[in-house]
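Observations on the model geometry
Residues per chain are reported as follows:
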Amino acid sequence: MGRPRTNDDAVGERLVSCATEMFATHRPEGVTVRALAAAAETSTGAVYTLFGGKDGLVAEVRGRAVAGLFQDLSTVAVSGDPLADLRALAAAYRGWAVAHRHLYAVLFGGAQRFDPSGEVGSGDPVRPLLAAIDRAVASAVLAGEPTLIALSLWVTLHGLVSLELAGALDSATLDRAFGSTIDATLRGWAPAPAGGPPLP
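Another aspect to go through is the overall build of the protein chain. Looking only at helices and strands, the protein chain has 9 helices and 0 strands in total. Starting at the N terminus, the α and β elements of the protein chain follow one another as α-α-α-α-α-α-α-α-α. Residue burial in the protein chain is summarised as follows: out of 200 residues, 36% are buried. In the form shown here, the protein chain has an accessible surface area of approximately 10700 Å², with 56% of it arising from carbon and sulfur atoms.

Right, dumping it as structure tokens:
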């Protein structure tokens, strides 16, 4: 009779769940392998066996966050109105963040940091946003460098969502302010009128 598996998928899931919460609420250097193992009610050896160590566990948590946000944004339907698509993507971003607040904190403020200048991969959550911006620029409803437009929209979204997750603004207030704030950001990238100042 073989030895029972102690470092199985269930243990891995407990480690990922505990790591997600701990990385979202503590500085990375304050989260030790021993603390992770204790929170998941397993041994430190399980962290190394299943993930190769703390860095591997961080990478697994971040990978799940990236994949989840990308999946939700990718399900937003493409219409003939790129501005409406951008508003829908903004709403999907907010919805994912509220539903997965610990993953959001890991992705954009916990153990990992967001690098807006990094290369955009095939599964990068910013890809659906850039695609909608490209359509808006091609349709001449927005004008400017797409990556700069994407960054300004993300800054707006992140600010709003961070305030909501921190409890600084309740969801009812955000509901009233969200659309108008996103629209204001998009208007800032509208084509300049004839004879107006050049766009950045």
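Let us look at the packing of helix α4 (residues 54-74) against helix α6 (residues 101-108). At a closest axis distance of 9 Å, the pairing of α4 and α6 adopts a crossing angle of 110°. Relative to α6, α4 is oriented roughly perpendicular. Where α4 approaches α6, its residues Val-61, Arg-62, Ala-65, Val-66 and Leu-69 are matched on the opposing element by Leu-103, Val-106, Leu-107 and Phe-108. In terms of residue class, the contact of α4 with α6 is made up of 8 nonpolar, no polar and 1 charged.

As a further point, take the side chain of Arg-94. Residue placement: Arg-94 occurs in helix α5 (residues 82-99). Given a relative accessible area of 12%, Arg-94 falls into the buried group. Leaving out residues up to four positions away in the same chain, Arg-94 has contacts with Val-161, Glu-164, Ser-171, Leu-174, Asp-175 and Phe-178.

Moving on to helix α1 (residues 9-25). Given 3.6 residues to a turn, an α-helix orients residues that are three or four positions apart in the same direction. With 17 residues, α1 extends 24 Å from end C-alpha to end C-alpha; this agrees with the ideal 24 Å at 1.5 Å per step. By the burial criterion, the buried members of α1 are Val-11, Gly-12, Leu-15, Val-16, Cys-18, Ala-19, Thr-20, Met-22 and Phe-23.

With that out of the way, let us pick up the confidence of the model for the protein chain. If pLDDT is low for a region, its predicted coordinates should not be looked at in detail. Looking at the protein chain as a whole, the pLDDT averages 84, with 86% of positions reaching at least 70. With pLDDT under 50 throughout, residues 1-5 is counted as low confidence; its partners more than four residues away or in other chains account for 0 contacts.

Let us now look at the pattern of salt bridges. Under the counting rule described, the total for this entry stands at 6 salt bridges. The shortest N-O distance in the salt bridge between Arg-87 and Asp-183 comes to 2.6 Å. Of this pair, Arg-87 sits in helix α5 while Asp-183 sits in helix α9 (residues 171-187), placing them 96 residues apart in sequence. Using a relative accessible area of 37% as the deciding quantity, one classes Arg-87 as partly exposed.

The rules we used
- Residues numbered from 1 in each chain as written.
- Predicted model: local features only at pLDDT ≥ 70, side-chain atom pairs only at ≥ 80, totals over all residues.
- Heavy atoms only, no water.
- Helix = DSSP H or I, 4+ residues; strand = E, 2+ residues; numbered from the N terminus.
- Buried < 20%, exposed > 50% of the residue type's maximum accessible area, 1.4 Å probe, protein only.
- Areas by Shrake-Rupley, 256 points an atom, 1.4 Å probe, with all protein chains shown as cover.
- Axes fitted to C-alpha atoms, helices over the stretch in contact; angles between N-to-C directions.
- Parallel < 35°, antiparallel > 145°, perpendicular 65-115°, else oblique.
- Contact = heavy atoms within 4.5 Å.
- Nonpolar A, V, L, I, M, F, W, Y, C, P; charged D, E, K, R; others polar.
- Expected span 1.5 Å × (residues − 1).
- pLDDT = per-residue confidence, 0-100.
- Salt bridge = Lys/Arg side-chain N within 4 Å of Asp/Glu carboxyl O.

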